[in-house]
Amino acid sequence: WLGQFAHRWLDRRAHYAIKFADLHCETPPGMDRTTFLGQVQYYGSFPDQVNLLEPGLVNHLQAAFLLHPWVERVEAINLRGPEGPTVRLVIRTPALAVGDRVVDRFGILLPAGTSADGLPVYPADAPPPAGRDGTPWGDPKVEEAARKAG
């Protein structure tokens, strides 16, 4: 009973609340942290403030970050570190230009507008991508070329 009372008391005082925008993390190339976190917040349906005592928060954060097309994987989430709440990510790296789009080393479609500067170019005509950003291109030849380029 005392533990529940203390949890509710701290919750009301917002002692363990942080702004979603205050999370520390890596960002995709050409994107600032505020924009990136705003997109992750939207994908995960997070409010502007997050309660660090919320049950399942780490899993919810991980799922939200993984929904972003630039995020390859979430390596760690530390909500109480000395640098503040931190999410350690592996960001996808552009590997191959296919027409006017870019894929990573696994053939995952990166967001439109991703720079293709300095990337190898897929040498043939490719069918259009089969899915949305953050999903495989959908053509085995394009995906194999991306693996070789990556």
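K.L.:
I'd like a rundown of the packing of helix α2 (residues 33-44) against helix α3 (residues 57-66), residues and numbers included.
P.N.:
For the pair α2 and α3, interaxial distance at closest approach is 8 Å and the crossing angle is 110 degrees. Of the possible angle classes, the one that applies to α2 and α3 is roughly perpendicular. Here α2 and α3 pass one another in a crossing that is right-handed. Contacts from F36, L37, V40, Y43 and G44 of α2 reach α3 at H60, A64 and F65. Residue composition of the contact of α2 with α3, by class: six nonpolar, two polar and no charged.

K.L.:
Quick rundown of the nonpolar core? Include the residues and the values.
P.N.:
Among the nonpolar cores identified, the biggest contains 26 residues, and F20, F36, L61, F65 and L89 are the most heavily contacted of them. Looking at this core, the elements with two or more residues in it are α2, α3, β4 (71-78) and β5 (86-91). Tallying contributions element by element places α3 first for this core, with four residues. Sequence-distant contacts of F20, defined by excluding residues within four places in its chain, comprise L37, V40, Q41, F46, P47, D48, V50 and L61. V103, L109, W137 and A146 belong to the second-largest nonpolar core, a separate cluster that totals eight residues.

K.L.:
Quick rundown of the pattern of salt bridges? Include the residues and the values.
P.N.:
Any two side chains of opposite charge can pair if their charged atoms end up close together. A full pass over the atoms with the stated rule returns seven salt bridges. For E72, the salt bridge identified is with R73, shortest N-O distance 3.4 Å. According to the relative accessible area criterion, E72 is buried, its value standing at 16%. When its relative accessible area of 38% is taken as the criterion, R73 is described as partly exposed. Between R101 and D133 there is a salt bridge, with the nearest N and O atoms lying 2.6 Å from each other. With a gap of 32 residues between them, R101 in strand β7 (residues 101-104) and D133 in the loop between β7 and α4 (140-149) connect regions that are remote in the sequence. Given the relative accessible area of 16%, R101 is considered buried. We classify D133 as partly exposed; its relative accessible area is 25%.

So, how was this worked out
Residues numbered from 1 in each chain as written. Predicted model: local features only at pLDDT ≥ 70, side-chain atom pairs only at ≥ 80, totals over all residues. Heavy atoms only, no water. Axes fitted to C-alpha atoms, helices over the stretch in contact; angles between N-to-C directions. Helix = DSSP H or I, 4+ residues; strand = E, 2+ residues; numbered from the N terminus. Parallel < 35°, antiparallel > 145°, perpendicular 65-115°, else oblique. Left-handed = near helix turned anticlockwise from the far one by under 90°. Contact = heavy atoms within 4.5 Å. Nonpolar A, V, L, I, M, F, W, Y, C, P; charged D, E, K, R; others polar. Core = buried A, V, L, I, M, F, W, Y, C linked by side-chain atoms within 4.5 Å. Buried < 20%, exposed > 50% of the residue type's maximum accessible area, 1.4 Å probe, protein only. Salt bridge = Lys/Arg side-chain N within 4 Å of Asp/Glu carboxyl O.

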